[in-house]
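The residues making up each chain are set out below.
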Amino acid sequence: MASGQLSRAGALACTGCRHACHVMLYCDTKTQLFGRIPIRHIILMQMRFDGLLGFPGGYVTPSEETLEAGLSRELLEELGVALPILAEDHVDCCQAPASSHSSTSRLITHFYVKKMEEEQIKEVEKEAASTATDHGQEVLGMVRVPLYTTKNGGGLAPFLSHSFIGNARSQLVDSLLRLDMIAPEELHKALGHSLKLST
Ligand code: GTP
Ligand code: MN
Ligand code: MN
Ligand code: MN
Ligand code: MN
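No experiment lies behind these values; they were computed from the predicted model shown.

Caption draft 1: Inspection of the packing of helix 5 (residues 168-178) against helix 6 (residues 184-198) at higher detail. Contact geometry for helix 5 and helix 6: axes closest at 10 Å, N-to-C directions at 160°. Classed by the angle they form, the pair helix 5 and helix 6 counts as roughly antiparallel. In terms of crossing hand, the pair formed by helix 5 and helix 6 is right-handed. Listed contacts from helix 6 to R169, V173, L176 and L177 of helix 5 are P184, L187, L191, S194 and L195. Its residues placed into classes, the contact of helix 5 with helix 6 shows 7 nonpolar, 1 polar and 1 charged.

Printed below as a string of structure tokens:
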């Protein structure tokens, strides 16, 4: 377990902590950009009200709801669809650094990953832009993560050079590796390039 990470049981034992749950929804796709660059996977993130990129989800109240029920409630608000999230979709949880939130109680962020069908992902995008109550308020729009690199360095590197909430950027990068969505060498190249772009 990496530093800052907790077990699920350990995290829930902290009754004085605030908890937030976010999820990476994704699917496989055969679509090609410009008819020749494989897109490989559609991964959904969102542009938040504060201008930062993050995953859909939010604060949950473990004394009143399970982590997964709380996450589903947040998804209904932010995406406009009822998506069942299971305990087995839980990837990890970690203690957010004190500087990342203003309240006095500590924040524990739980991360989930859920694989879906391409049609379901497109339905989520449609509802998120139309019926979701938070659309245009807490959530400015859903965005797909470009996993490819174009000839002139476009794609993943410029995407990673944007600003992310909390540790959403490493949640994304770790997931790409763990789920074998990109070759490690390609990812490391993009990470290096993204740092040059953001300075
Ligand atoms: P409110 O309804 O305004 O309370 O927002 P919310 O319930 O949707 O909460 P939000 O999604 O903003 O998440 C709560 C906190 O979790 C944020 O203030 C961040 O500190 C953190 N957070 C938000 N998104 C992410 C994310 O994608 N990854 C991680 N690790 N943390 C996040
Ligand atoms: Mn929310
Ligand atoms: Mn949210
Ligand atoms: Mn909320
Ligand atoms: Mn809200």
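Once you've had a look at it, read on.
Caption draft 2: Expanded view of the site of ligand 1. Lining the immediate surroundings of ligand 1 are 17 residues, of which R48, F55, E78, N167 and Q171 lie closest. In this structure, R48 approaches ligand 1 through a side-chain N or O atom, which is 2.9 Å from an oxygen atom. A distance of 2.3 Å is found between a nitrogen atom of ligand 1 and a side-chain nitrogen or oxygen belonging to N167. When isolated, ligand 1 has an accessible area of 630 Å², and the protein chains bury 83% of it. Spatially, ligand 1 is embedded in the largest pocket. Those elements that place two or more of their residues in the shell around ligand 1 are strand 2 (18-28), strand 7 (57-60), helix 2 (67-79), strand 9 (107-115) and helix 5. A total of 3 residues in the shell around ligand 1 trace back to one element, the largest contributor, which is strand 7. Of the residues assigned to the shell around ligand 1, the class counts are 6 nonpolar, 7 polar and 4 charged.

Here is what the cut-offs are and how they apply
Residues numbered from 1 in each chain as written. Chains lettered and ligands numbered in written order. Predicted model: local features only at pLDDT ≥ 70, side-chain atom pairs only at ≥ 80, totals over all residues. Heavy atoms only, no water. Axes fitted to C-alpha atoms, helices over the stretch in contact; angles between N-to-C directions. Helix = DSSP H or I, 4+ residues; strand = E, 2+ residues; numbered from the N terminus. Parallel < 35°, antiparallel > 145°, perpendicular 65-115°, else oblique. Left-handed = near helix turned anticlockwise from the far one by under 90°. Contact = heavy atoms within 4.5 Å. Nonpolar A, V, L, I, M, F, W, Y, C, P; charged D, E, K, R; others polar. Near = heavy atom within 4 Å. Polar contact = N/O pair within 3.5 Å; in protein donor to acceptor, adjacent residues only side chain to side chain. Areas by Shrake-Rupley, 256 points an atom, 1.4 Å probe, with all protein chains shown as cover. 1 Å grid on protein atoms, 1.4 Å probe; cavity = no way out; pocket = protein on both sides within 12 Å on 5 of 7 lines; lining within 4 Å. Sits in = over half its atoms within 2 Å of the grid points.

Geometry only, nothing functional implied.
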